[in-house]
Amino acid sequence: MNNLKASLKPRKSAVQARSTATVDALHTATLQVLTQHGLVRCTTTRVAERAGMSVGSVYQYYPNRDALLAAVLEKHLLEVAETVERTCEQCRGKPVAEMASELVSAFLAVKLRNPAMSKALYAIAAERGGAELVARINIRMVTATAAMLVSAPDADFEDPTLIATVSLTALTGPVRALLEGYATPLFESCLEQQATLLLTAYLGMYRRPA
């Protein structure tokens with residue numbers, strides 16, 4: 001396991017190399033190749049060609065393709081986690097109905113901003129190290145959501161961590177169905193409205209009696 005983790009680490013950070021632009025170009029090229037050619041054909045050679053650099057330049061930053069894919073996935077997941085954390089922080093002390101609405105809106109916005117990219121990233125999540133990254137990010141989102149729920153002035157949550165986990169799972173499922181092509185156009189157009197109704201009703205079950 002330690003050898004696996006080591007193989008997925010970048011060779012040097014963008015700060016050390018003073019090449020943030022190069023790393024960003026590699027990440028962008030990786031997503032473009034993934035979107036157009038799929039995971040199997042996403043090779044370091046194709047990524048390098050798309051980024052306009054040599055394969056050797058890629059290996060200066062990442063020891064192998066899996067390390068590059070893990071970095072791209074982690075960047076995306078961190079953006080999702082930070083969006084949820086920021087939204088939960090802003091919603092602390094608000095009624096549960098507002099919490100539900102704003103959490104749904106923020107989550108869907110960050111996950112569906114670029115559907116093609118998000119769909120490609122699901123493929124990476126199945127690669128080596130992907131499941132661990134997803135689990136780690138999920139813990140951050142659950143923690144932030146639970147802390148938000150505890151602050152609700154109009155509800156009591158006996159197990160906020162459980163409620164937060166169920167809430168986020170309820171949002172993740174429909175998004176995945178949409179990205180994997182199982183949803184109809186009507187489903188897509190109504191997703192935010194329906195997800196808000198679902199989460200509002202669920203959290204509303206814990207409102208204090210008037």
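Quick caveat, the model's predicted, so the values are computed rather than measured.

So, on to the nonpolar core. Grouped together as the largest cluster of nonpolar side chains are 62 residues, with contacts concentrated most on Tyr62, Phe107, Met141, Leu149, Phe157, Leu199 and Leu203. Broken down by element, this core gets its largest block of residues, 13 residues, from helix 6 (residues 65-91). Beyond its immediate chain neighbours, meaning those up to four positions away, Phe157 contacts Val96, Leu149, Ala152, Ile163, Leu203 and Tyr206.

Overall, the coordinates contain two aromatic pairs when judged by the stated rule. Centroid distance Phe157 to Tyr206: 5.3 Å. Interplanar angle 40°. Geometry classified as tilted. With a gap of 49 residues between them, Phe157 in the loop between helix 9 (130-150) and helix 10 (160-179) and Tyr206 in the segment after helix 11 (185-204) connect regions that are remote in the sequence. On the numbers, 6.1 Å between centres and 90° between planes, the contact of Tyr202 with Tyr206 is edge-to-face. Exposure remark for Tyr202: the relative accessible area of 18% places this residue in the buried category.

Viewed as axis vectors pointing N to C, helix 9 and helix 10 meet at an angle of 120°, and their least axial separation amounts to 8 Å. Comparing their axes, helix 10 and helix 9 come out oblique. Judged by the twist between their axes, the crossing of helix 9 over helix 10 is right-handed. Here Met141, Val142, Thr145, Ala146, Leu149 and Val150 of helix 9 come into contact with helix 10, specifically with Pro160, Thr161, Ile163, Ala164, Thr165 and Leu168. Partitioning the contact of helix 9 with helix 10 into residue classes produces nine nonpolar, three polar and no charged.

Attention now moves to helix 7 (residues 96-112). With 17 residues, helix 7 ought to run about 24 Å at 1.5 Å a step, and its terminal C-alpha atoms sit 24 Å apart, in line with that. All of the buried residues in helix 7 are Val96, Met99, Ala100, Leu103, Val104, Ala106, Phe107, Leu108, Val110 and Lys111. Residues of helix 7 that are buried in the fold lie against helix 6, helix 8 (115-125), helix 9, helix 10 and helix 11.

Let's shift gears to the environment of Pro95. As for its placement among the helices and strands, Pro95 is situated in the loop between helix 6 and helix 7. When the C-alpha positions of Pro95 and Arg207 are compared, they lie 9.3 Å apart, and in sequence the two are 112 residues distant. Discounting residues that sit within four places of it in the chain, Pro95 has contacts with Pro153 and Asp154.

This part is about the pattern of salt bridges. Evaluated as defined, the whole model comprises nine salt bridges. A salt bridge links Asp154 to Arg207, with the shortest nitrogen-to-oxygen separation between them at 3.9 Å. Of the two residues, Asp154 is situated in the loop between helix 9 and helix 10 and Arg207 in the segment after helix 11; the sequence distance between them amounts to 53 residues.

Parameters at a glance
- Residues numbered from 1 in each chain as written.
- Predicted model: local features only at pLDDT ≥ 70, side-chain atom pairs only at ≥ 80, totals over all residues.
- Heavy atoms only, no water.
- Core = buried A, V, L, I, M, F, W, Y, C linked by side-chain atoms within 4.5 Å.
- Buried < 20%, exposed > 50% of the residue type's maximum accessible area, 1.4 Å probe, protein only.
- Helix = DSSP H or I, 4+ residues; strand = E, 2+ residues; numbered from the N terminus.
- Contact = heavy atoms within 4.5 Å.
- Phe/Tyr/Trp six-rings, centres within 6.5 Å; stacked < 30°, edge-to-face > 60°.
- Axes fitted to C-alpha atoms, helices over the stretch in contact; angles between N-to-C directions.
- Parallel < 35°, antiparallel > 145°, perpendicular 65-115°, else oblique.
- Left-handed = near helix turned anticlockwise from the far one by under 90°.
- Nonpolar A, V, L, I, M, F, W, Y, C, P; charged D, E, K, R; others polar.
- Expected span 1.5 Å × (residues − 1).
- Salt bridge = Lys/Arg side-chain N within 4 Å of Asp/Glu carboxyl O.

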